[in-house]
Amino acid sequence: MAEAIHDKDLGRQLHERSEAGVHWLDLEEFSPEGHDDILEILHAAADLGRARLPESAGREALIAQLDDLRNLE
């Protein structure tokens with residue numbers, strides 16, 4: 001996800017969180033622009049997953065979870 005963020009500083013922050021094992025986001029911790037960038041990526045996450053995730057036993061369940069992210073505001 002971090003690679004798809006337009007703001008390089010925000011992408012770095014997200015990458016650092018992921019590397020540290022922090023797998024949750026509080027969107028209020030980010031600037032309004034960062035918040036909007038993150039929501040844009042979350043809304044596109046299922047399509048990214050379909051395009052990039054390899055076939056596996058859990059692939060469809062993960063894509064279904066990603067589809068749920070489209071409802072975030």
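Nothing here was measured: the structure is a model prediction, and the numbers come from that model. Residue indices begin from 1 for each chain and proceed along its sequence in written order. Two thresholds apply to this predicted model, a pLDDT of at least 70 for residue-level local features and 80 or more for giving and counting side-chain atom pairs, whereas whole-chain, interface and lining totals are computed over all residues. As a rule here, side-chain values cover all heavy atoms of the structure and leave hydrogens and water aside.

A.B. asks: Quick question: what am I supposed to make of the side chain of aspartate 37 here?
C.D. replies: Counting from the N terminus, the helices are DSSP H or I runs at least four residues long and the strands are E runs at least two residues long. Take aspartate 37: it is sitting in helix 2 (residues 32-52). We call a residue buried when its accessible area falls under 20% of the maximum for its residue type, exposed when it is over 50%, and partly exposed in between, using a 1.4 Å probe and counting protein chains only. Under the counting rule used here, the positive set is Lys and Arg, the negative set is Asp and Glu, and His together with the chain ends is not counted. The salt bridge criterion pairs a side-chain nitrogen of Lys or Arg with a carboxyl oxygen of Asp or Glu, the two atoms within 4 Å. No salt bridge is formed by the buried aspartate 37; its nearest oppositely charged neighbour, lysine 8, is found at 9.8 Å.

A.B. asks: How do you make sense of the pattern of salt bridges when you look at a structure like this?
C.D. replies: A side chain of one charge can pair with a side chain of the opposite charge when the charged atoms of the two come close. A complete count under the given rule lists nine salt bridges for this structure. Here arginine 12 ties to aspartate 9 by a salt bridge, and the two come within 2.4 Å at their closest N and O atoms. In this pair, arginine 12 and aspartate 9 are both assigned in helix 1 (residues 8-19), three residues apart and thus about one turn of the helix distant. Overall, the relative accessible area of 39% leaves aspartate 9 in the partly exposed class. The exposure class of arginine 12 is partly exposed, given its relative accessible area of 39%.

A.B. asks: I keep staring at the environment of aspartate 47 and nothing clicks. Help me out?
C.D. replies: Mapped onto the elements of the fold, aspartate 47 is located in helix 2. Taking the relative accessible area as the measure of exposure, aspartate 47 reaches 44% and is therefore partly exposed. Separated by 19 residues in the primary sequence, aspartate 47 and leucine 66 have C-alpha atoms spaced 8.6 Å apart.

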